[in-house]
Amino acid sequence: MEIIKAKTFFDGDTGVLKGDKISRSERRLKDMEGIFTDKDAYERMPPDTLVYKVEVHEAVKDIPGGLYFGVSHVYPGRVGHEYFMTKGHFHARRDTAEYYWGITGHGVLLFMDEKRTVWAEEIIPGSLHYIPGNIAHRLINSGDSELTVGACWPSDAGHDYTTIVNAGFSARILEKNGRPEIHF
Ligand code: S6P
Ligand code: ZN
């Protein structure tokens, strides 16, 4: 029997994934209608502006007991005073949890439970964040460089974006005097 060579690689400095079974997706401003609070600022910006990119190593597909490993790259920028961020979601299978960890940049992880109570944690390189089941989560890039965050979650968790598109989070992270502030 031989030792099989690794087929997939994770760059610990940049978070970039390379090799087998990697899916990639990206979200531009035009894919984020209704997500940012300042509609006029949103309309004035080029719709093709890249907000974030997600790489996922899919060793399996949507099977109970499986795991996904992903890296989110959120670019620096703002729509008005609101930092670039992910759409945010609950998991479709609500009780599934997730780990996030900071790789590059500076950001905020916004949590919201089903009663719409919110809280937030600062993300820096090396910070570790546990997202319990039944909690919506969103990444916000509050820095001026790329925010890169690793993630690991059950492969049958799925995404429920509709709840967030319809009702949003009950708080937003806005820039004030060059610093992130939580606004309810
Ligand atoms: C999946 C995990 C991340 C996000 C990614 C993009 O459960 O939480 O991979 O999908 O950060 O965010 P969103 O809200 O657009 O899926
Ligand atoms: Zn998730």
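Quick summary incoming for the structure in this document. (Residues numbered from 1 in each chain as written. Chains lettered and ligands numbered in written order. Predicted model: local features only at pLDDT ≥ 70, side-chain atom pairs only at ≥ 80, totals over all residues. Heavy atoms only, no water.)

## Side note on the sheet that holds strand β9 (residues 107-112)
Then, in step 1: A sheet is described by the order of its strands in space; here 3 strands give the open sequence β10-β9-β12, paired in antiparallel fashion. With partners counted over all chains shown, the strands left at the sheet margins are β10 (118-123) and β12 (136-141), one partner each. Across this sheet, the average inter-strand angle for adjacent strands is 20°, counted without regard to direction.
Then, in step 2: Examined bridge by bridge, β9 and β10 share 6 bridges and lie antiparallel to one another. The partner of G107 across the bridge, within β10, is I123. (Pairing = 2+ DSSP bridges. Helix = DSSP H or I, 4+ residues; strand = E, 2+ residues; numbered from the N terminus. Axes fitted to C-alpha atoms, helices over the stretch in contact; angles between N-to-C directions.)

## Structural notes on the layout of surface pockets
Then, in step 1: Size it by volume and the largest pocket reaches roughly 410 Å³.
Then, in step 2: Lining the largest pocket are 25 residues, with V54, S72, H89, H159 and Y161 positioned closest to its centre.
Then, in step 3: Those elements that provide at least two residues to the lining of the largest pocket are β3 (22-28), β4 (50-57), β5 (67-74), β8 (98-104), β12 and β13 (147-154).
Then, in step 4: Its residues assigned to classes, the lining of the largest pocket shows 9 nonpolar, 10 polar and 6 charged.
Then, in step 5: There is about 270 Å³ of room inside the second largest pocket.
Then, in step 6: Lining the second largest pocket are 18 residues, with Y83, H106, S142, R179 and P180 sitting closest to its centre.
Then, in step 7: For the lining of the second largest pocket, the secondary-structure elements that each account for two or more residues are β9, β10, β14 (172-176) and β15 (179-183). (1 Å grid on protein atoms, 1.4 Å probe; cavity = no way out; pocket = protein on both sides within 12 Å on 5 of 7 lines; lining within 4 Å. Points joined across faces, edges and corners; volume = space filled by probe spheres on them. Nonpolar A, V, L, I, M, F, W, Y, C, P; charged D, E, K, R; others polar.)

## A short note on the site of ligand 1
Then, in step 1: Ligand 1 sits among 16 residues. The nearest are Y52, S72, E98, Y100 and Y161.
Then, in step 2: A distance of 2.8 Å separates an oxygen atom of ligand 1 from a polar atom in the side chain of H89.
Then, in step 3: A distance of 3.1 Å separates an oxygen atom of ligand 1 from a polar atom in the side chain of H91.
Then, in step 4: When contributions to the shell around ligand 1 are tallied by element, the ones reaching two or more residues are β4, β8 and β12. (Near = heavy atom within 4 Å. Polar contact = N/O pair within 3.5 Å; in protein donor to acceptor, adjacent residues only side chain to side chain.)

## Structural notes on a nonpolar patch on the surface
Then, in step 1: A surface patch of nonpolar side chains, amounting to about 340 Å² of accessible area, comprises Y99, L128 and Y130.
Then, in step 2: Under the relative-accessibility criterion, Y130 is labelled partly exposed at 45%. (Patch = residues over 30% accessible without salt bridge, like charges linked within 9 Å, V, L, I, M, F, W, Y side chains within 5 Å. Areas by Shrake-Rupley, 256 points an atom, 1.4 Å probe, with all protein chains shown as cover. Salt bridge = Lys/Arg side-chain N within 4 Å of Asp/Glu carboxyl O. Buried < 20%, exposed > 50% of the residue type's maximum accessible area, 1.4 Å probe, protein only.)

## A few points about the pairing of β14
Then, in step 1: The sheet contact formed by β14 and β15 spans 5 bridges and is antiparallel. Its bridge partner being in β15, L174 is matched across the sheet by E181.
Then, in step 2: Connecting the antiparallel pair β14 and β15 is a turn made up of 2 residues, with N177 showing a positive phi of about 50°.

## Things to note about the coordination of the zinc ion (ligand 2)
Then, in step 1: Listed as protein donors to the zinc ion (ligand 2) are H89 (NE2), H91 (NE2), E98 (OE) and H137 (NE2); their distances from the metal cover 2.1 to 2.3 Å.
Then, in step 2: Taken in sequence order, the residues that donate to the zinc ion (ligand 2) follow the motif H-x1-H-x6-E-x38-H. Here H137 lies in strand β12 and E98 lies in strand β8, a separation of 39 residues in the sequence. (Donors = N, O, S within 2.8 Å, 3.2 Å for Na, K, Ca; no water.)

## Focus: the side chain of S155
Then, in step 1: Mapped onto the fold, S155 is located in the loop between β13 and α2 (162-167).
Then, in step 2: Among the residues examined, S155 registers a relative accessible area of 2% and is labelled buried.
Then, in step 3: Side-chain polar atoms of S155 contact the backbone oxygen of I63, separated by 2.9 Å.
Then, in step 4: The residues contacting S155, other than those within four sequence positions of it, are V60, D62, I63, G66, L67 and Y68. (Contact = heavy atoms within 4.5 Å.)

## Details of the pattern of salt bridges
Then, in step 1: Applying the stated criterion across every chain, the model contains 10 salt bridges.
Then, in step 2: Of the charged contacts in the structure, one is a salt bridge between K30 and D48, with a shortest N-O distance of 2.6 Å. Of this pair, K30 sits in the loop between β3 and α1 (39-44) while D48 sits in the loop between α1 and β4, and the two are 18 residues apart along the sequence.
Then, in step 3: The exposure class assigned to K30 is partly exposed, which follows from its relative accessible area of 47%.
Then, in step 4: The class for D48 is partly exposed, based on a relative accessible area of 45%.
Then, in step 5: With a closest N to O distance of 2.6 Å, E58 and K61 form a salt bridge.
Then, in step 6: Overlapping salt bridges bring together R93, D95 and D156 as one network.

In short, geometric facts, not functional conclusions.
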